[in-house]
Protein chains: 2
Amino acid sequence: MQIERPYLMFLGDAADDLAAKTARGVVEWRRDWCLGQLSLAGCKTSLSLPEMTLENAVAAGCKTMIVGVANRGGVIPAPWIAVLEQALGAGLDIASGLHTRLSDFPGVAASARRSSRRLFEVRHTDNTFAVGTGTKRSGMRLLTVGTDVSVGKMYAALAIERELTSRGVSADFRATGQTGILIAGSGVAIDAVVSDFVSGAVEALTPDSDPGHWDIIEGQGSLLHPSYAGVTLGLLHGAQPDALVLCHEPTRTHMRGLPAYQVPDLKRCLDVHLDAARLTNPRARCIGTAVNTSRLGDDQERQYCLNEAAQRFGLPAVDPMLTGVGPLVDAIL
Amino acid sequence: MQIERPYLMFLGDAADDLAAKTARGVVEWRRDWCLGQLSLAGCKTSLSLPEMTLENAVAAGCKTMIVGVANRGGVIPAPWIAVLEQALGAGLDIASGLHTRLSDFPGVAASARRSSRRLFEVRHTDNTFAVGTGTKRSGMRLLTVGTDVSVGKMYAALAIERELTSRGVSADFRATGQTGILIAGSGVAIDAVVSDFVSGAVEALTPDSDPGHWDIIEGQGSLLHPSYAGVTLGLLHGAQPDALVLCHEPTRTHMRGLPAYQVPDLKRCLDVHLDAARLTNPRARCIGTAVNTSRLGDDQERQYCLNEAAQRFGLPAVDPMLTGVGPLVDAIL
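Residues numbered from 1 in each chain as written. Chains lettered and ligands numbered in written order. Predicted model: local features only at pLDDT ≥ 70, side-chain atom pairs only at ≥ 80, totals over all residues. Heavy atoms only, no water.

I tried to follow the pairing of strand β4 (residues 93-96) of chain A on my own but got confused; where do I start?
Remark: a regular strand shows side chains that alternate across the two faces of the sheet. All names here are of chain A. A two-sided burial pattern is seen for β4, the buried positions comprising Asp-93 and Ala-95 on one face and Ile-94 and Ser-96 on the other. Note: strand β3 (residues 64-67) against β4, 4 bridges, orientation parallel. Looking at β4, one finds that Ile-66 is bridged to Ala-95. Each parallel crossover has a hand, and for β3 linked through helix α3 (residues 78-89) to β4 it is right-handed. As defined by bridge partners, β4 adjoins strand β5 (residues 119-121) across 3 bridges and the pair is classed as parallel. Bridging from a neighbouring strand, Ser-96 pairs with Glu-121 of β5. Viewed along the sheet, the connection from β4 through helix α4 (residues 106-115) into β5 turns out right-handed. (Buried < 20%, exposed > 50% of the residue type's maximum accessible area, 1.4 Å probe, protein only. Helix = DSSP H or I, 4+ residues; strand = E, 2+ residues; numbered from the N terminus. Pairing = 2+ DSSP bridges. Right-handed = clockwise from strand over helix to strand, strands pointing away.)

Mind showing me how you'd approach the side chain of Ser-222 of chain A here?
By the element assignment, Ser-222 of chain A lies in the loop between β8 (214-217) and α8 (229-239). According to the relative accessible area criterion, Ser-222 of chain A is buried, its value standing at 0%.

Help me out: how do you make sense of the side chain of His-213 of chain A in this one?
Residue and element names in this part refer to chain A. Relative to the assigned elements, His-213 resides in the loop between α7 (198-205) and β8. His-213 gets classed as buried once you look at its relative accessible area, which sits at 7%. A polar contact of 2.5 Å, which involves the side chain of His-213, links it to the side chain of Ser-170. A polar atom in the side chain of His-213 sits 3.0 Å from the side chain of Asp-215. In contact with His-213, not counting residues within four places along its chain, are Gly-139, Met-140, Ser-170, Ala-171 and Asp-172. (Polar contact = N/O pair within 3.5 Å; in protein donor to acceptor, adjacent residues only side chain to side chain. Contact = heavy atoms within 4.5 Å.)

What should I look at first to understand the sheet that holds β3 of chain A in this one?
Strands in a sheet are paired, the pairing made by backbone hydrogen bonds, and the direction either parallel or antiparallel. Residues and elements named next belong to chain A. Strand order in the open sheet formed by 5 strands is β2-β1-β3-β4-β5, and the pairing between neighbours is parallel. Each edge of the open sheet is held by one strand with a lone partner, namely β2 (34-39) and β5. Taken over all neighbouring pairs, the strand axes of this sheet differ in orientation by 20 degrees on average, direction set aside. Direction of pairing for strand β1 (residues 7-12) relative to β3: parallel, over a ladder of 4 bridges. When the sheet's bridge partners are listed, Leu-8 is paired in β3 with Met-65. Of the strands in this sheet, β1 and β2 are in contact with helix α1 (residues 21-29), which crosses β1 at around 155 degrees. (Axes fitted to C-alpha atoms, helices over the stretch in contact; angles between N-to-C directions.)

Listed below in structure tokens is the structure:
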């Protein structure tokens, strides 16, 4: 699966900035691929891209319309469906990050068939995977892990890929969640894979590569999150990471969605992930922490937090959005 | 989902005893539910049940035909299909442990619809589950864990349920694999659940119960098996076990299917499982080991192995098939 670019970003009638979070992530990391946006009446946000009709977009060379927007109340409104059908008819593929499958709408499915266009439903996977084997693969791998869900694992991975590439090192970002897949143009929504095949799916996602090549793998969940730890462990074993980066959000008081569960101590969290990683790669090591300090006060307070993390582990501590990830990349090269 | 009993056991043209391993497990643990067997020409094994036609079986009160037999080379032969269709027509439900879905055969699906009969495909699950919450549930739970796959986790759990019940303690065996589901009449094939929902599926499988009730949960895989550890971790977190029993097969030299991976040290294996279990149940403790000693020499050698395990951990060590599980049940009551 490879989503063709460049992209037209579909915003529908998004209620606010948050509803277009996925689309915004794609623009942030792949601005060059995003030629324009298409909003409908009532849209309350913008990606600051040129507004385009479907005809403009096709003329400009767009290959895929990206649906990186949340639908209100789980219902996909009729005006969206009409535009999706027209987009397929106009020759665009569609890649959707919605929970609802677009192929469940008969008109959309028929339009895709009629136009020989593809529907990428990136929260789902229809691929079949082999069971993981634990066999060592060539090339180098880095995986971002974390104290909780939504602490910046995807951003850290993307920043590391960008820094490596800018230094001339061969690197690929390997996506395991819907936003990441739209950014990478390919990947596997790992939490949608049947549990028996999670480690095998990750082995397929990050195959043998040149010895000096780095696959930078987007982590998911946390081994200490009671809802998702199984996904995290399958991902960790399949990834066989040489390097782990521990991601953290210091203002969070409890595990996301679970008020009864405190965020784990950083050191314990690191030990648990390292210990598990060494089952399939005994050489796995942690190279540093990526702390999302955006909710702390001023830059001085944020830097203080990073210094503290660095001293505690004797490893580089960065905030990808504040300091960049240079010290992490220094540590692996 | 509840598979109705009693059962007619379908053997098809099973090539040898091993091909009917699942059916044999059902007869071993639920002899009273199994009224007869149905073999086809060329069948090379027997369950030592009365041979019955479909008409005999229906007349005897059978409600469900159990397909607990492996098909040769992954192909389901036409004579099987004919009998499956006739069984549905005769008023029997069918519960199948095959990898292939029976509902993929148009004739079988049509026959089930026409007769308003049910097809239980116990290696699959069409249920949807919520994400796990980690919320503590009432009642007591025991989970069997292990050094590897296929080391006796289901047998140990069934033996413990039987011993508890024989002592008048309220207990349920909770099945997580296909043979267990046919034995319990219900359950969830946990390795067929989408990874995001594994812990939630186990929470649903073993709900709140009376304070003195024990759910005895069938374990799967091992936290130290690179192929399946994610499944095991989701199961462990969802189970919230008060008691763990560590299962082991002492003659195994490497992890099943993975010659490059040694079977882990028992103590390390126990620590890893206990540590992970305590995330959702801080009171989790190991109450003993269940060792499958059947491949060792005479009873003296087998007993020596158990004594050694008992001394090492200071906990009861049993072989469910040699010594029974009395000491494990003593430990939890």
